[in-house]
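Structural overview
Here's the letter readout for the chains.
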Amino acid sequence: ADMMERRDGGVKADPKNIFLTDGASPGIKMILNVLMANEGDAVMIPIPQYPLYSASLSTFNGKPAPYYLDESKGWSLSIDELERAYKEATEAGKKIRALVVINPGNPTGQVLSKDVIRDICKFASEKKLVILADEVYQENVYLPGLEFTSFKSVVGKDFSDVMLASFHSVSKGVIGECGKRGGYMEVHNFDEDIKALLQKLASISLCPNIAGQILVDLMVNPPKEGDESYPEWKREYFGLFNSLTSRAKRLVAGVNGINGMTANDIEGSMYAFPSITLPAKFIAEAESLGRAPDAHWP
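Conventions used here
Residues numbered from 1 in each chain as written. Predicted model: local features only at pLDDT ≥ 70, side-chain atom pairs only at ≥ 80, totals over all residues. Heavy atoms only, no water. Pairing = 2+ DSSP bridges. Helix = DSSP H or I, 4+ residues; strand = E, 2+ residues; numbered from the N terminus. Axes fitted to C-alpha atoms, helices over the stretch in contact; angles between N-to-C directions. Contact = heavy atoms within 4.5 Å. Phe/Tyr/Trp six-rings, centres within 6.5 Å; stacked < 30°, edge-to-face > 60°. Buried < 20%, exposed > 50% of the residue type's maximum accessible area, 1.4 Å probe, protein only.

Brief notes about the sheet that holds strand E1 (residues 18–21)
Taken in spatial order, the 7 strands line up as E1-E7-E6-E5-E4-E2-E3 in an open sheet, and their pairing is mixed. The outermost strands of the open sheet, each flanked by one partner alone, are E1 and strand E3 (63–68). On average, each strand axis in the sheet is tilted by 20° relative to the strand beside it, whichever way the strands run. Relative to strand E7 (residues 183–188), strand E6 (residues 164–169) is paired through 6 bridges, and the arrangement is antiparallel. Counterpart to Ser166 in the pairing with E7 is Glu186. With respect to the sheet, helix H3 (residues 52–59) is in contact with strand E2 (41–47), E3, strand E4 (95–102) and strand E5 (130–134), its orientation differing from that of E2 by roughly 165°. Across the sheet, helix H6 (residues 151–158) lies against E4, E5, E6 and E7, angled at about 20° from E7, the strand it touches most.

Set out below in structure tokens:
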């Protein structure tokens, strides 16, 4: 809670609203389990997306309502596209319950600006949607001039009517300990009866593993200047971060050096999502065989 208050410019974080989890995934599944109450309930998810959301929705009998990120604009998220996707889903009979936003993006590597986050919060307020903010890559921002802005820092100051669940994990960032399974979920502006239900669901699994809890503590409360371990922590942390930054640049340069492949700059997270342009002769050959070009292997 102290870490989030520092990160979010003083917006208060109540420890009672924080659930420790075995990585971010159990928290996401817990929220989806609560939200998907009726036939036709749906969640807006980004495309391209991390497949946890579509797979989990099917488990809870929920429906995806996809919205598309714009590759030509650095995989940006536009309110016009959210409006289009919302209209299409509701006209198809879906009841939209929530909106998933992954920031920094997985697998697209973009970092949302504060203005875009504010527009998303306004959209959620108008549509009465819960925001599910997947922020597990919040430490992975590489390009100069960009910085991570949490949804809590915006919702907490200006949108008291928007319910927000945000997620973080030791699997990503600089720690990158996927196998240790540590993370947390914070809920904000949730009614007490909903929080009570989440508490019941969390209690079913007793408690998250101890090693994961220890790593979460190390992630949110690293050594401070003046601590005996600070010089070693600083050397290791920034050594890893600078290596990730260098590899992000090299990966994009490598992809863009391959004929027929292009990729946007990796602003954050750990991914490039390339576009592949197939040769005209290859497409013609596939079509002559009655195959889709992207499924044709000569």
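Thoughts on the packing of aromatic side chains
A full pass over the atoms with the stated rule returns 7 aromatic pairs. Relative to Phe123, the ring of Tyr86 lies with its centre 6.2 Å away and its plane at 90°, an arrangement referred to as edge-to-face. A residue pair is termed long-range when its members are at least 10 positions apart, and Tyr86 in helix H4 (residues 79–91) and Phe123 in helix H5 (residues 114–127) qualify at 37 residues. Like Phe123, Tyr86 is buried.

Focus: unusual backbone geometry
Cis geometry is found at the peptide bond from Ile47 to Pro48, where omega equals 0°. Along the chain, the position of Pro48 falls in the loop between E2 and H3. Each neighbour pair has its own omega, and for Asn103 with Pro104 the value is -10°, a cis peptide bond. The residue Pro104 is located in the loop between E4 and H5 in this model. Positive phi values are uncommon outside glycine, yet Trp75 reaches one of about 60°. Within the element layout of this structure, Trp75 appears in the loop between E3 and H4. Phi angles above zero are rare outside glycine, and Arg181 is one such case at about 55°. Within the secondary structure, Arg181 is located in the loop between E6 and E7. Judged by relative accessible area, Arg181 falls into the partly exposed class, the value being 30%.

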